[in-house]
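# Working through the structure, step by step
Listed below are the residues making up each chain.
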Amino acid sequence: MYWGMARVQLENVSKTYPGGVRAVDGVSLEIADREFVVLVGPSGCGKTTILRMVAGLEEITSGTIRIGERVVNDVPPKDRDIAMVFQNYALYPHMTVFQNMAFGLKLRGVPGAQIRERVAATARLLEIDHLLERRPKELSGGQRQRVAVGRAIVREPSAFLFDEPLSNLDARLRVATRAEIKRLHQRLRTTTLHVTHDQEEAMTLGDRIVVMRDGRIQQADTPLETYHHPANRFVAGFIGTPPMNFFDGAIRVLGGQPAFVEGKLAEGRLTLPPGGFSLPLSPLLVNKIGGWIERHPDQHVVLGLRPQHLQLRPFGAGVVDGGVLAARIEVTVNVIEPLGGEMDLYMATALNDAVVGRMKAESGLTAGCAATVFADASEAQFFEPGEAGMRLSVEKNIVKTELTHAQ
């Protein structure tokens, strides 16, 4: 099969619906030739609207979309040299698998012999060649999805667009089909834009993932870079299972050592009541946030710890990150979810009711019991306050939040 070169480029693209609803707000994104990019985000973030604008199914309000070197703002969908795979498969129920896969080629006047050759080759690739005479109602959900993908492949487009293609599959089949899509891309190397709300799907499929919120791109990076170095608190909380834990507090000097002190936020006011835990900061952590600590003592900051970095045993025999002891956090266990060799513990600290740890399964814990968990201080992340507060990876000035010391 021959696949054309196709870079997909969006330049300051916006979409505003009647009534002033701005679904996409000034998005600029370049998808390189043969790259697999996944748009991910919660419902209503604008990811599907972007996909439909690239496909030509939705008019853009402003900006420019290019496929290859051609501006396609006013090009109809059928002439954009792309193929779209929909969430609901969109198969014709009265046609056989062969007829469904061949339909688009027949409309384009492709000779019959070439149609049969391309459909047969694609069916073998997807291992559905034994299903060509069946109709959609005779197929399983996974088989229908493969037919929908096959219908796109036979067109030999410059780019594939996937609109949540796995959301109608059960969990086991979703994992298997996800692996098939990854394998197909590795073989075909066709430029692909894939939309999903499932961050695990995004992490496993994408060369890059683009995290969306409120019509804007929050971060566009490789899966590992996005996971380990989230641009802001929203990305940190959206990427990763279970989600990252966040603790409000301030950085203070305790015994000559900078440390994060857990606090409590209520109605925009941060207090540091007794009972909160403290997390010592090593020179490595201090360097991550530059001179901010010295210049902004006691100012509101948010600590992020992933569930995998909370354990029932001290990390590295109790010493991590250049000799700094892991933080001890006293918790109450609320719920225990066994996961085989691991378990998720849903816990509460004295000041935070929603803390989760994913750790090695151990017996002896019951709902309502007290326990001590250890935080891997070397994995701590710090963020500005707010739902999308920026990660403090370099020296920043952050918005001051009123801090009231508990008496």
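Worth saying up front: this structure is predicted, and the values here are computed from it rather than measured.

### Considerations on the sheet that holds strand β11 (residues 245-254)
Ordered in space as β15-β12-β11-β16-β24, the five strands form an open sheet in which the pairing is antiparallel. Both outer strands of the open sheet, β15 (278-280) and β24 (381-383), are each paired with one neighbouring strand and no more. Each strand axis lies, on average, 40° off the axis of its neighbour in the sheet, ignoring direction. As paired elements, β11 and strand β16 (residues 300-305) share six bridges and run antiparallel to each other. When the bridges of β16 are listed, Asn 245 appears paired with Leu 305.

### A look at the environment of Phe 247
Relative to the elements of secondary structure, Phe 247 occurs in strand β11. Taking the C-alpha atoms as reference points, Phe 247 and Ala 176, separated by 71 residues in sequence, lie 37 Å from one another. If we skip the residues at most four places from it in the chain, Phe 247 touches Phe 260, Glu 262, Phe 277, Val 301, Val 302, Leu 303, Leu 305, Thr 349, Asn 352 and Val 355.

### Comments concerning the nonpolar core
As a rule of thumb, soluble globular proteins bury nonpolar side chains together. Core analysis: the biggest nonpolar cluster contains 44 residues, and Met 101 and Ile 153 have the highest contact counts within it. Setting aside chain neighbours within four positions, we find Met 101 in contact with Val 119, Thr 122, Ala 123, Ile 128, Leu 132, Val 147, Gly 150, Arg 151 and Val 154. Of all hydrophobic cores here, the second largest spans 31 residues; its members include Ile 251, Phe 277, Met 347 and Ala 380.

### Re the pairing of strand β7 (residues 159-163)
In terms of burial, β7 is largely enclosed, as five of its five residues are buried. A two-sided burial pattern is seen for β7, the buried positions comprising Ala 159, Leu 161 and Asp 163 on one face and Phe 160 and Phe 162 on the other. One ladder, built from four bridges, connects strand β6 (residues 82-85) with β7; its direction is parallel. Bridge pairing in β7 places Ala 83 opposite Phe 160. As judged from the five bridges shared by β7 and strand β8 (residues 191-196), these two strands associate in the parallel manner. Following the sheet pairing, Asp 163 is matched in β8 by Val 195. At this point the chain moves from β7, through helix α5 (residues 171-188), to the parallel β8, and the crossover so formed is right-handed.

### Regarding helix α4 (residues 141-153)
The terminal C-alpha atoms of α4, which comprises 13 residues, lie 18 Å apart, in line with the 18 Å expected from a rise of 1.5 Å per residue. Judged by how many residues are buried, α4 sits mostly within the fold: eleven of 13 residues are covered. Listed as buried for α4 are Gly 142, Gln 143, Gln 145, Arg 146, Val 147, Ala 148, Val 149, Gly 150, Arg 151, Ala 152 and Ile 153. Packing partners of the buried residues in α4 comprise β6, α2 (97-107), α3 (112-126), β7 and α5.

Rules and cut-offs
Counting restarts for each chain, with residues numbered from 1 along the sequence as it is written. In view of the model being predicted, local features appear only for residues whose pLDDT reaches at least 70, and side-chain atom pairs are presented and counted only at 80 or more, with totals across whole chains, interfaces and linings using the full set of residues. For the side-chain quantities, the full set of heavy atoms in the structure was used; hydrogens and water were omitted. Note: two strands are recorded as paired if DSSP finds a minimum of 2 bridges between them. Comment: elements are numbered from the N terminus, with helices defined as DSSP H or I runs of at least four residues and strands as E runs of at least two. Every angle, taken between N-to-C directions, lies between 0 and 180 degrees, and every axis is a line fitted to C-alpha atoms, over only the stretch in contact when it is a helix. Note on contacts: a residue pair is in contact if any heavy atoms of the two residues lie within 4.5 Å. Among buried residues, the Ala, Val, Leu, Ile, Met, Phe, Trp, Tyr and Cys ones that are joined through side-chain atoms within 4.5 Å form a nonpolar core. Here's how the labels work: a residue is buried when its accessible area is under 20% of the maximum for its type, exposed when over 50%, partly exposed in between, all with a 1.4 Å probe on protein chains only. A crossover counts as right-handed when, viewed with the strands pointing away from the observer, the path leading from the first strand over the helix to the second turns clockwise. Multiplying 1.5 Å by the residue count of a helix minus one yields the expected span of that helix.

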